[in-house]
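So the chains spell out like this:
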Amino acid sequence: MATACTGRGLSFLRSLTRHVRGTALSGRPPAGLHTSAALEVNKNWERRNLQLYPPQLPGEPRRAAEVHHCRRQIKYSKDKMWYLAKMIRGLSIDQAITQLEFNDKKGAKIVKEVLLEAQDMAVKNHNVEYKSNLYIAESHSGKGKYLKRIRYHGRGMFGIMDKVYCHYFVKLVEGPPPAAEPRTGLDQAQEYLLGLRSRTVRHSL
Amino acid sequence: MAVPLRRTLIALHRATCNNLKSADGWVDVRQPHPLVVPVRGKKRHFIPPAVGIKEKTKADPEARARAAGLVFRQQYVERSINISCTAGIFDPYIPPEGDARLSTLSREGLKQRTEQLRQSAASQLAIRKIKEHDPLFNTKTFPELAQDIFIQAHMALTQFNKEKLHSLVTERCYPEMTRGNRLKTIRWSFVESLEPPRVVHARCPDMVTKTNLYGQVTLRMHSRQILALYDRFGRLLLGSEDEPKDVLEYLVVERHVVNPYGRWRLHGKIVPAWAPPKDPITKTVLIPGPKLKPGEDFDALQFEVPKPQSVQWSK
């Protein structure tokens, strides 16, 4: 839309953007250069593995090792992948792998591969002592870059079909899985009542 | 949606006209033309790629360019390489067994202590060659300089100062020192030197041509050092910060003698075959077991853990 100006306006805009060339910031395109969303890829999850912590003092409790792993552009739907990600949240790694092995979904095989890769990485690169001493702290799926194709309908009509891709992210933490607090119906009801009672009523008489 | 767009375009147009009028020395201001506002029609802006794929695959862009008469000159990818260090340690020094184990008062100890460089003719020749190109080289003063380089290189490693490390350590030694250290914290300090360092070996190999000489000098260093290695999460991997350890090392320092700007840099270390095993790491490690045929059982009592061979190697 902005590109459709003519004459003086366009040259003015050009002079503005010429100023803002700048230096490349570690792999990202220079600010001011307009790239389409299809070219920019987010690698933040992988970068979390490069965070270095300072040495711990002798009195501190031992910091648990964390491993972030992901797989990008899996040919599967993110909504279908969510079910598998939700299933393995909070389980120990052995339990999760066992559950996925006997799951019939297409995504289960892929998630199992990702977990095994992450376990291997943890032992080799991140100084995790026992490969079974890991649990799944975070696990979620995200939308990948879709391809668009034509879906033919009758009467010369057509629709644009999305070929869906998804990403799968997992974070393994060293240690036994945290015990899930049992929340009874009574607890939930009490929490609900607390929420109702702590409401602030504004502009009341 | 077209109305606010039009307003912004008109405002932008007015701003440009004002800017142009305020600039000094602007003589001929043309009258502002009426802007053309885009109107959205029925044209589809995005058509999925399946429509035009057949046409694209048929037309080969290279063939089309050749048919059109475009000729690309042959591209010469040439890049000059500067080899400023050798790939390894030529004719490595074999440290005598029991070095620094015997007391200096016994006969064998005295023999070892008085072992001078005179024993090896090749070393003397090499030192003579080095002195030809670098007249300031002296076997008496050089060990101190080399020890200084060693200390500075390791301090740069703890801070991970890449530029300084490259100037103190050769290109062959750099990856060996820094591999796997990016996500680790190293705490190292040099407490004291137990014996004065001395030159024990020297060689002057040449690469490619006879005149392209590199000088390699081996030093024996007995010192006390503190080393503590922490992993990515700040947990202690190896060593301790309170306990200094006595270390006997054979360092190899190298210089491109023919190059007037060459400097003596740390090239590697020689680990003798009789070196004592290092302290175990604070971690349980899985050793791969024997490959079993189906039906066989793993006999834990008969299985011997493979020990590393005691050979001299350089790192």
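Thresholds, definitions, all that
- Residues numbered from 1 in each chain as written.
- Chains lettered and ligands numbered in written order.
- Predicted model: local features only at pLDDT ≥ 70, side-chain atom pairs only at ≥ 80, totals over all residues.
- Heavy atoms only, no water.
- Helix = DSSP H or I, 4+ residues; strand = E, 2+ residues; numbered from the N terminus.
- Contact = heavy atoms within 4.5 Å.
- Areas by Shrake-Rupley, 256 points an atom, 1.4 Å probe, with all protein chains shown as cover.
- Phe/Tyr/Trp six-rings, centres within 6.5 Å; stacked < 30°, edge-to-face > 60°.
- Buried < 20%, exposed > 50% of the residue type's maximum accessible area, 1.4 Å probe, protein only.
- pLDDT = per-residue confidence, 0-100.
- Disulfide = S-S within 2.5 Å.
- Polar contact = N/O pair within 3.5 Å; in protein donor to acceptor, adjacent residues only side chain to side chain.
- Patch = residues over 30% accessible without salt bridge, like charges linked within 9 Å, V, L, I, M, F, W, Y side chains within 5 Å.
- Salt bridge = Lys/Arg side-chain N within 4 Å of Asp/Glu carboxyl O.
- Lys, Arg positive; Asp, Glu negative; His and termini not counted.
- Charge placed at Lys NZ, Arg CZ, Asp CG, Glu CD.
- Pairing = 2+ DSSP bridges.
- Axes fitted to C-alpha atoms, helices over the stretch in contact; angles between N-to-C directions.

Glancing now at the overall build of chain A. When helices and strands are counted, chain A shows 6 helices and 5 strands. Helices and strands appear in chain A in the N-to-C order α-α-β-α-α-α-β-β-β-β-α. Put simply, 67% of the contacts in chain A that link residues at least 6 apart link residues at least 24 apart. Carbon together with sulfur atoms contributes 56% to the accessible area of chain A, which is approximately 14400 Å² in total.

A separate point is the packing of aromatic side chains. Overall, the coordinates contain 9 aromatic pairs over all chains when judged by the stated rule. For the ring pair Tyr53(A) and Phe233(B), a centre distance of 6.0 Å and an interplane angle of 25 degrees mean the geometry is stacked. Taken as a pair, Tyr53(A) in the loop between helix H2 (44-47) and strand E1 (66-74) and Phe233(B) in the loop between strand E2 (215-230) and strand E3 (236-239) lie in two separate chains rather than in one. The two residues Tyr53(A) and Phe233(B) agree in class, both being buried. With a centroid separation of 6.0 Å and 80 degrees between ring planes, the pair formed by Phe150(B) and Trp188(B) is classed as edge-to-face. Of this pair, Phe150(B) sits in helix H6 (residues 142-159) while Trp188(B) sits in strand E1 (residues 185-203), placing them 38 residues apart in sequence. Classification of Phe150(B) as buried rests on a relative accessible area of 0%. Here the aromatic residues Phe137(B), Phe142(B) and Trp264(B) are joined through ring pairs into a cluster of three or more.

When pLDDT is averaged across chain B, the result is 83; 82% of the residues are at 70 or more. When pLDDT is averaged over each helix and strand of chain B, the minimum, 58, is found for helix H4 (residues 107-113) of chain B and the maximum, 94, for H6(B).

A complete count under the given rule lists 0 disulfides over all chains for this structure. Just so you know, Cys166(A) is unpaired, no disulfide at all, and the nearest cysteine sulfur is the one on Cys70(A), 12 Å from it. Take Cys204(B): it sits in no disulfide, and the sulfur closest to it among the cysteines is that of Cys85(B), at 15 Å. A relative accessible area of 10% means that Cys204(B) is categorised as buried.

Before going further, it helps to examine the environment of Asp231(B). Tracing the backbone shows Asp231(B) in the loop between E2 and E3. Residues Asp231(B) and Val169(B), spaced 62 residues apart in sequence, show a C-alpha to C-alpha distance of 24 Å. If we skip the residues at most four places from it in the chain, Asp231(B) touches Asn127(A), Leu183(B), Lys184(B), Thr185(B) and Leu237(B). Engagement of the side chain of Asp231(B) in a polar contact is seen with the backbone nitrogen of Phe233(B), the distance being 3.1 Å.

With that out of the way, let us pick up the environment of Ile136(A). Residue and element names in this part refer to chain A. Inspection of the secondary structure assignment puts Ile 136 in strand E2 (residues 134-143). Among the residues examined, Ile 136 registers a relative accessible area of 1% and is labelled buried. With 46 residues separating them in the primary sequence, Ile 136 and Gly 90 have C-alpha atoms 5.2 Å apart. Other than its neighbours up to four places away in sequence, Ile 136 contacts Ile 88, Arg 89, Gly 90, Leu 91, Ile 93, Ala 96, Leu 115, Val 170, Lys 171 and Leu 172.

To continue, consider a positive patch on the surface. Taken together, the side chains of Lys75(A), Lys80(A), Lys105(A), Lys106(A) and Lys163(A) make up a positively charged region of the molecular surface. Mapped onto the secondary structure, Lys105(A) falls in the loop between helix H4 (93-101) and helix H5 (106-125).

The subject of this paragraph is the sheet that holds E2(A). Residues and elements named next belong to chain A. Strand order in the open sheet formed by 3 strands is E1-E5-E2, and the pairing between neighbours is antiparallel. Two strands close off the open sheet at either side, each with one partner strand: E1 and E2. Direction aside, neighbouring strands of the sheet carry axes that sit 15 degrees apart on average. The sheet contact formed by E2 and strand E5 (residues 166-174) spans 9 bridges and is antiparallel. In the sheet register, Leu 134 faces E5, and the bridge partner there is Glu 174. Against the sheet, H5 engages E1, E2 and E5, with an angle of about 145 degrees to E1.

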